[in-house]
Amino acid sequence: MIELLRYRDLVRALVVRDLKVRYRRSTIGFLWTMLQPLMTMLVLTMVFSAVFRFDAPNYPVYALAGIMFWNFFNQSVITSMNSLRSNAQLLIKIPVPKAVFPVATVLAGVINLLFAMVPLFVILLVTGHPIRPAVLFLPVAILLAALFTLGAGLLLAPMAVFFYDTIEMIGVLMTLLMYMTPVFYPMDIVPEKYLWVVRFNPIRSVLEVFRDPIYFGKIPPLTHLTVAVSVTAVALIVGVVAFRRSSDRIAFYV
Amino acid sequence: MTSNGSVIELRDVSLCYRLAKQKIPSLKEYAIHFIKGSLAYEELWALRDVALSIEEGETVGIVGRNGAGKSTLLKVVSGVLKPTRGTLRRRGWVAPILELGTGFDYELTGYENIYLNALLLGRQRKEIDERLDAIIEFSGLDDFVRSPIRNYSSGMLARLGFSIATAWKPDVLILDEVLGVGDARFLKRCEKRIEEFRKAGTTILIVSHDPEAVRKNCQRCLWLEQGQLEADGPVDEILDRYREFIEGTGTRAGA
C-alpha cells in the first residue's frame, strides 16, 4: 500500500481518465451528474408526499443528500469491482500495484460527489433551507464516506476477478442494503419491529454523519460520530487486509 | 550499480497454477461445490525449483517448447507473478515487454497513452515530460500521436509500445517474443537501441522461438523443459543440444 505513494502520478492520471470518459460520452455529461440526483429527488418527493403521505420537513433536501451519498457509495463499489476485472489483462503483463485501480475509482467518485454538491446547495437556497456553519464539517464526513467505500471496494474487487457473477450478485445486495438504510425514508416511518435492522446497519452512521450538517445544520452528535469512525476503520482494515491477501492471486485467475 | 554481482537471483523458485478440476467461474457454482465438498484442484507446476543467477550486463536467451515455462519465468522475474515457493531477488528498474501495447487505452490519443503507459511502468509525470519528444520521435508517429490509437495499425501500436518501454535505460530488459512486429526498418532501430542498452550495462532476458535470434543476440542461454531448468550455459552449446533434443523427439513423436 505504501507503494501507492510512488505511483501517485499514475493514480492522478487514472482519476482524470475516469472523469474524462464519464464526461466525454455526452455533451451534457457534466450536467448529467448534477441532474441525475435532482431528478431522482423529484420522483421520490412526488412518490413520498403523494402516495406514502408522511411529513418530513423539507423532504427534498433529506432525500437529495441521501441519494448523493448512496450514488457515491454504490457507484464507487461497483466501479472498483469492474476496475480490477477490466484491467486484468494488464495486471498479468505489467507489475503495477493493483490497489491503484480501486483507489483511483473512489477518488473519481469523490470528485463527482463534489460536483453534485452544486445542485444541492442550489436546492438549499431555493427551498430556503438554512445553511449553518456545520456544513464546514462536510469535508470530514466525505473523508469518512470515501474511506468506508474504499474498504468495501478493496474487499470486493478481487472477488470480481475470481468469480464473474460477483458483480451481479453485489448489485442485488446493494438494492437490499439501500432499503435497509434510511437513504430516502425518514427513521420515524420504520415500524418498531424492524428498527433494529436499520439501527445496526453500519452504513447508516456514515450516511447520517454526511447528512446531519446539510439537513439538520448541526455537527453530528459524538455518539454517531464515534460509531461512524469505528465502522469506517473496521471497513478499511478488513478491505486492506483482504486485498493484500488476495492480490497476489489475481494474476493467476485471469 | 556499484559492484558486479547478480542483478537477478532465483532461489529454488517453483510456481504452481491451481486449476479447478471442474470449471468454477462463478460464485454460485463455487458455493454449490463448496457445500458438496467437491472442490478439487489440479496443481500445475509451471516452474519447478528453478535456481539461477544473472549478472549485471548479461544477455540471456530462454528456449524451450510450448508450455515449458518460458513466459512464466519472465513473469516471475518481472514481478507480475509471485513464486509459490522459493525467492526472487532483483535490483534496479525493470522494463518488462511481455507484449507490446499492454495497458493502452484505445479511446485515448497516442499522446495521452504515452503518459498512461509510462506511468503504469512506474515512471513519474516529470520524467515523462522530459522524454516526451524523444518517445514520439523514436516511434516515428509524428502527427498521429494526436489521434486516438484505435485508428492505429498494429505496427504503429507496436512501435509506440516499444518506444515508451525503452525510453529509459532499464537495469533489466525483458523481451517476450515481441520483436516480430513492425517493419524491417523499425526492427533495426529496436535492435540498435537494445544494443546500446547492452553496452551500457543493461541485463537482458529474451524469449524467442527463433534460435537464430537467440544465437545472434545472447551469450548465455537457458533451456526450460517441463518447468525445470534443463540446461544453462554458453549459447552455442545449449542451442545445439536443444536442436538435437527437438529433432529427436520430433521424429519419435512423428510430428
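Residues numbered from 1 in each chain as written. Chains lettered and ligands numbered in written order. Predicted model: local features only at pLDDT ≥ 70, side-chain atom pairs only at ≥ 80, totals over all residues.

Topic: the overall build of chain B
Phase 1: A tally of regular secondary structure across chain B gives eight helices and nine strands.
Phase 2: Expressed as a percentage of the 255 residues in chain B, the buried residues total 40%.
Phase 3: Put simply, of all contacts in chain B between residues at least 6 apart along the chain, 74% involve residues at least 24 apart. (Helix = DSSP H or I, 4+ residues; strand = E, 2+ residues; numbered from the N terminus. Buried ≥ 20, exposed ≤ 12 C-beta atoms within 10 Å, placed from the backbone. Contact = placed C-beta atoms within 7 Å.)

Regarding the overall build of chain A
Phase 1: Counting its secondary structure elements, chain A contains 11 helices and zero strands.
Phase 2: Its helices and strands in sequence order give chain A the pattern α-α-α-α-α-α-α-α-α-α-α, from N to C terminus.
Phase 3: In summary, chain A has a C-alpha radius of gyration of 19 Å against a globular reference of 18 Å for 254 residues, a match within 12%.
Phase 4: Across its three principal axes, chain A shows a C-alpha extent of roughly 55 × 45 × 35 Å.
Phase 5: Every one of the 254 residues in chain A was classed for burial, and the buried ones make up 40%.
Phase 6: When contacts within chain A are restricted to residue pairs at least 6 apart in sequence, those whose partners lie at least 24 apart make up 79%. (Rg over C-alpha atoms; globule rule 2.2 N^0.38 Å.)

Details of the packing of helix 4 (residues 59-86) of chain A against helix 7 (residues 138-162) of chain A
Residue and element names in this part refer to chain A.
Phase 1: Taken N-terminus to C-terminus, the directions of helix 4 and helix 7 make an angle of 35°; their axes are 8 Å apart at the nearest point. For the crossing formed where helix 4 meets helix 7, the hand is right-handed. Contacts between helix 4 and helix 7 pair F69, F72, F73, S76, V77, S80, M81, N82, S83, L84 and R85 from the former with A145, T149, A152, G153, L156, A157, P158, A160 and V161 from the latter.
Phase 2: Looking at the contact of helix 4 with helix 7 residue by residue, the class counts come to 13 nonpolar, six polar and one charged. (Axes fitted to C-alpha atoms, helices over the stretch in contact; angles between N-to-C directions. Left-handed = near helix turned anticlockwise from the far one by under 90°. Nonpolar A, V, L, I, M, F, W, Y, C, P; charged D, E, K, R; others polar.)

A closer look at the domain arrangement of chain B
Residues and elements named next belong to chain B.
Phase 1: Under the domain assignment, chain B is made up of domain 1 (6-93 + 170-253) and domain 2 (103-168).
Phase 2: Placing the centre of domain 1 and that of domain 2 at their C-alpha centroids yields a distance of 26 Å.
Phase 3: Counting residues at the interface gives seven residues for domain 1 and seven residues for domain 2.
Phase 4: Partitioning the side of domain 1 that touches domain 2 into residue classes produces four nonpolar, one polar and two charged. (Domains from an automatic or database assignment.)

Some thoughts on unusual backbone geometry
Residues and elements named next belong to chain B.
Phase 1: Even without being glycine, D12 reaches a positive phi, approximately 45°.
Phase 2: The class for D12 is partly exposed, based on 13 C-beta atoms found within 10 Å.
Phase 3: Phi is positive for Q226, which is not a glycine, with a value near 50°.
Phase 4: Within the secondary structure, Q226 sits in the loop between strand 8 (220-225) and strand 9 (228-234).

Quick word on the sheet that holds strand 6 (residues 172-176) of chain B
Residue and element names in this part refer to chain B.
Phase 1: Ordered in space as 5-6-7-3-8-9, the six strands form an open sheet in which the pairing is mixed. Of all the strands in the sheet, the pair left with one neighbour each is strand 5 (94-97) and strand 9. Strand-to-strand twist across the sheet, computed as the mean angle between neighbouring axes with direction ignored, equals 15°.
Phase 2: Note: strand 6 against strand 7 (residues 203-207), five bridges, orientation parallel. Of the residues in strand 7, the one forming a bridge with L173 is I204. (Pairing = 2+ DSSP bridges.)

Looking at the interface of chain B and chain A
Many descriptions give the size of an interface as the accessible area lost when the pieces come together.
Phase 1: The partner chain A presents 20 residues to the 25 residues of chain B that form the contact.
Phase 2: If you list the elements that add at least two residues to the side of chain B that touches chain A, you get helix 1 (27-36) and helix 3 (110-120) of chain B.
Phase 3: A total of four residues in the side of chain B that touches chain A trace back to one element, the largest contributor, which is helix 3 of chain B.
Phase 4: The residue makeup of the side of chain B that touches chain A, split by class, is 13 nonpolar, six polar and six charged.

Notes on the pairing of strand 6 of chain B
Residue and element names in this part refer to chain B.
Phase 1: Burial of strand 6 is extensive: five of the five residues sit out of reach of the surface.
Phase 2: The alternating pattern of strand 6 places V172, I174 and D176 and L173 and L175 on opposite faces, both of which are buried.
Phase 3: As paired elements, strand 5 and strand 6 share four bridges and run parallel to each other. The residue of strand 6 that forms the bridge with V94 is V172.

Some remarks on helix 4 (residues 125-139) of chain B
Two residues of an α-helix separated by three or four positions point the same way, owing to the 3.6 residues in each turn.
All names here are of chain B.
Phase 1: With 15 residues, helix 4 extends 19 Å between its outermost C-alpha atoms, agreeing within 8% with the 21 Å of an ideal straight helix rising 1.5 Å per residue.
Phase 2: I128, I135, F138 and S139 are the residues of helix 4 that are buried.
Phase 3: At its buried positions, helix 4 is contacted by helix 3 and helix 5 (154-165). (Expected span 1.5 Å × (residues − 1).)

Comments concerning the nonpolar core
Phase 1: Ranked by size, the top nonpolar core spans 133 residues in total, and within it A145 and V206 of chain A together with I174 of chain B carry the most contacts.
Phase 2: Taken domain by domain, the makeup of this core includes at least three residues from each of domain 1 (6-93 + 170-253) and domain 2 (103-168) of chain B.
Phase 3: Apart from the residues within four sequence positions on either side, A145 of chain A is in contact with F69, F72, F73, V206 and F210 of chain A. (Core = buried A, V, L, I, M, F, W, Y, C linked by C-beta atoms within 7 Å.)

Thoughts on helix 2 (residues 70-78) of chain B
Phase 1: A large share of helix 2 of chain B lies buried, amounting to nine of its nine residues.
Phase 2: Looking at the residues trailing helix 2 of chain B, positive phi occurs at G79 of chain B, about 95°.

Description of the environment of R241 of chain B
Phase 1: Counting through the fold element by element, R241 of chain B comes out in helix 8 (residues 235-253).
Phase 2: In this structure, the C-alpha to C-alpha distance between R241 of chain B and W223 of chain B, residues 18 residues apart in sequence, is 9.5 Å.

Considering the environment of I246 of chain B
Residues and elements named next belong to chain B.
Phase 1: With respect to the helices and strands, the residue I246 is situated in helix 8.
Phase 2: We classify I246 as partly exposed; it has 14 C-beta atoms within 10 Å.
Phase 3: Counting along the chain gives 182 residues from I246 to G64, while the straight-line C-alpha distance between them is 9.2 Å.

Re the pairing of strand 8 of chain B
Residue and element names in this part refer to chain B.
Phase 1: Where strand 3 (residues 59-64) lies against strand 8, five bridges are found, and the strand directions are parallel. Bridging from a neighbouring strand, V60 pairs with R220 of strand 8.
Phase 2: As judged from the six bridges shared by strand 8 and strand 9, these two strands associate in the antiparallel manner. Bridge pairing in strand 9 places L224 opposite L229.
Phase 3: Where strand 8 folds back on strand 9, the antiparallel hairpin that results is connected by two residues, among which Q226 adopts a positive phi of roughly 50°.

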